[in-house]
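# Residue-level structure breakdown
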Amino acid sequence: IMKIKRTNLFLSMIIAFNLLLLPNQSVQAAAGITLDGNFGDWAGKPCVSDPSNDVGQPALDLVNFCFDSDRDTQVIVFMIERRGEVSNSQDYIVRFDNNNDGDFTDPEDRYIQVSYQSQQNKSKVSVSIYDGTWTFISTVASNADWGASRREGGTQVEFIASFADLGIAPGVAVAVTMDAY
């Protein structure tokens, strides 16, 4: 697993959801979001923006880290948007400090590892969840078309995780960071 941190966003969220494992196709996920590589449904959703030009590589310069949830589907959905050049692949890790001790490496903490490969007319997005010691928990998606293709700019990806896999109880505040590699 790569350990070189390139950029980092920090936010605290109040969390309130639970469980779902998804197939590798378009999925009506939560709160009007469909995981399909089209991003118009993210308008008006909560986002944390990142300052422009704060990293040396344009492909790693993030614009937005967005998220939303739905009590009915019991999942949280994410969207990452970056600036810069279209690149063939991008990796992200979203870290959850579930016990809020400032250390993201405890067994109760969670990592979402996202591999996004932008291809000419589609994308391949793979999503896996690990605990804070990098013990595998689940595969959410493998080669799903949940990102923008190179033809579409290749700068946005969306994905999902169940709160059960994330080990998060409803109504508990957790610290979350996101790294791009």
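Just so it is clear, the model here is predicted, and its values are computed rather than measured. (Residues numbered from 1 in each chain as written. Predicted model: local features only at pLDDT ≥ 70, side-chain atom pairs only at ≥ 80, totals over all residues. Heavy atoms only, no water.)

### Some thoughts on the packing of aromatic side chains
Quick reminder of the rule: Between rings of Phe, Tyr and Trp, where Trp is taken as its six-membered ring, a pair exists when centres lie within 6.5 Å; planes separated by under 30 degrees are stacked, by over 60 edge-to-face, and by other angles tilted. Comment: elements are numbered from the N terminus, with helices defined as DSSP H or I runs of at least four residues and strands as E runs of at least two. Each residue is assigned to one of three classes by its accessible area relative to the maximum for its type, calculated with a 1.4 Å probe on protein chains only: buried under 20%, partly exposed between the two thresholds, exposed over 50%.
The full count for this structure, using the stated rule, is seven aromatic pairs. Between phenylalanine 78 and phenylalanine 96, the ring centres sit 6.3 Å apart and the planes meet at 75°, which makes this aromatic pair edge-to-face. With phenylalanine 78 in strand S6 (residues 75-82) and phenylalanine 96 in strand S7 (residues 89-97), this residue pair connects regions lying 18 residues apart in the sequence. Residue phenylalanine 78 is classed as buried on the basis of its relative accessible area, which comes to 0%. Judged by its relative accessible area of 0%, phenylalanine 96 is buried. Taking 5.8 Å as the distance between ring centres and 75° as the angle between the ring planes, the aromatic pair formed by tyrosine 130 and phenylalanine 136 counts as edge-to-face.

### Some points on the nonpolar core
We apply this condition: We call a set of buried residues a nonpolar core when its members are Ala, Val, Leu, Ile, Met, Phe, Trp, Tyr or Cys and they connect through side-chain atoms within 4.5 Å of each other. By definition, residues are in contact when any of their heavy atoms lie within 4.5 Å.
Of all hydrophobic cores here, the largest spans 41 residues; its most connected members are Phe78, Tyr92, Phe96, Ile112 and Phe159. Looking at this core element by element, the count peaks at six residues for S6. Residues in contact with phenylalanine 159, not counting those within four places in the same chain, are Leu35, Ile76, Val77, Phe78, Ile80, Val94, Ile112, Val114, Val127 and Trp146. Phe104, Trp134, Ala175 and Tyr181 belong to the second-largest nonpolar core, a separate cluster that totals seven residues.

### Describing the pattern of salt bridges
We apply this condition: Note on definitions: salt bridges are taken to be side-chain nitrogens of Lys or Arg within 4 Å of carboxyl oxygens of Asp or Glu.
By the definition in use, this model includes three salt bridges. The salt bridge involving aspartate 61 is made with arginine 83; its shortest N-O contact spans 3.8 Å. On the criterion of sequence distance, the pair formed by aspartate 61 in the loop between strand S4 (47-49) and strand S5 (62-70) and arginine 83 in the loop between S6 and S7 is long-range, its members being 22 residues apart. For arginine 83, a relative accessible area of 23% gives the class partly exposed. Its salt-bridge partner being arginine 95, residue aspartate 179 comes within 1.8 Å of it at the nearest N-O pair. Pair noted here: aspartate 179 is in strand S12 (residues 172-180) and arginine 95 is in strand S7, with a separation of 84 residues, a long-range link. What makes arginine 95 buried here is its relative accessible area of 13%.

### Observations regarding unusual backbone geometry
Even without being a glycine, asparagine 53 presents a positive backbone phi close to 55°. Mapped onto the elements, asparagine 53 comes out in the loop between S4 and S5.

### A look at the confidence of the model for the protein
The criterion, for reference: Per-residue confidence from the predictor is given as pLDDT, running between 0 and 100.
For the protein, the mean per-residue pLDDT works out to 82, and 82% of the residues sit at or above 70. Across residues 1-24, where pLDDT falls below 50, the model places 99 contacts with residues more than four positions away in sequence or in other chains.

### Notes on the side chain of aspartate 165
We apply this condition: Throughout this description, a polar contact denotes any pair of N or O atoms lying within 3.5 Å of each other; where both atoms belong to protein, one of them has to be capable of donating a hydrogen while the other can accept it, and for residues adjacent in sequence the pair is counted only when both atoms sit in side chains.
By secondary structure assignment, the location of aspartate 165 is in helix H1 (residues 163-166). At 2.8 Å, the side chain of aspartate 165 forms a polar contact with the side chain of serine 138. If we ignore the near neighbours within four places in the chain, the residues touching aspartate 165 are Arg110, Ile129, Ile137 and Ser138.

### Description of the sheet that holds S5
Backbone-to-backbone hydrogen bonds pair the strands of a sheet. The strands run either parallel or antiparallel. We apply this condition: Note on pairing: two strands pair once DSSP finds at least 2 bridges between them. To define axes, lines are fitted to C-alpha atoms, for helices over the stretch in contact only, and angles between the resulting N-to-C directions are given on a 0 to 180 degree scale.
In spatial order, the strands read S4-S5-S6-S11; together these four strands make up an open sheet with antiparallel pairing. Strands at the two margins of the open sheet, each flanked by one partner only, are S4 and strand S11 (156-162). Looking at each pair of strands side by side, their axes are set apart by 15° on average, direction ignored.

### Side note on the pairing of S11
Judged by how many residues are buried, S11 sits mostly within the fold: seven of seven residues are covered. Residues of S11 alternate between two faces, with Gln156, Glu158, Ile160 and Ser162 on one and Val157, Phe159 and Ala161 on the opposite face, all of them buried.

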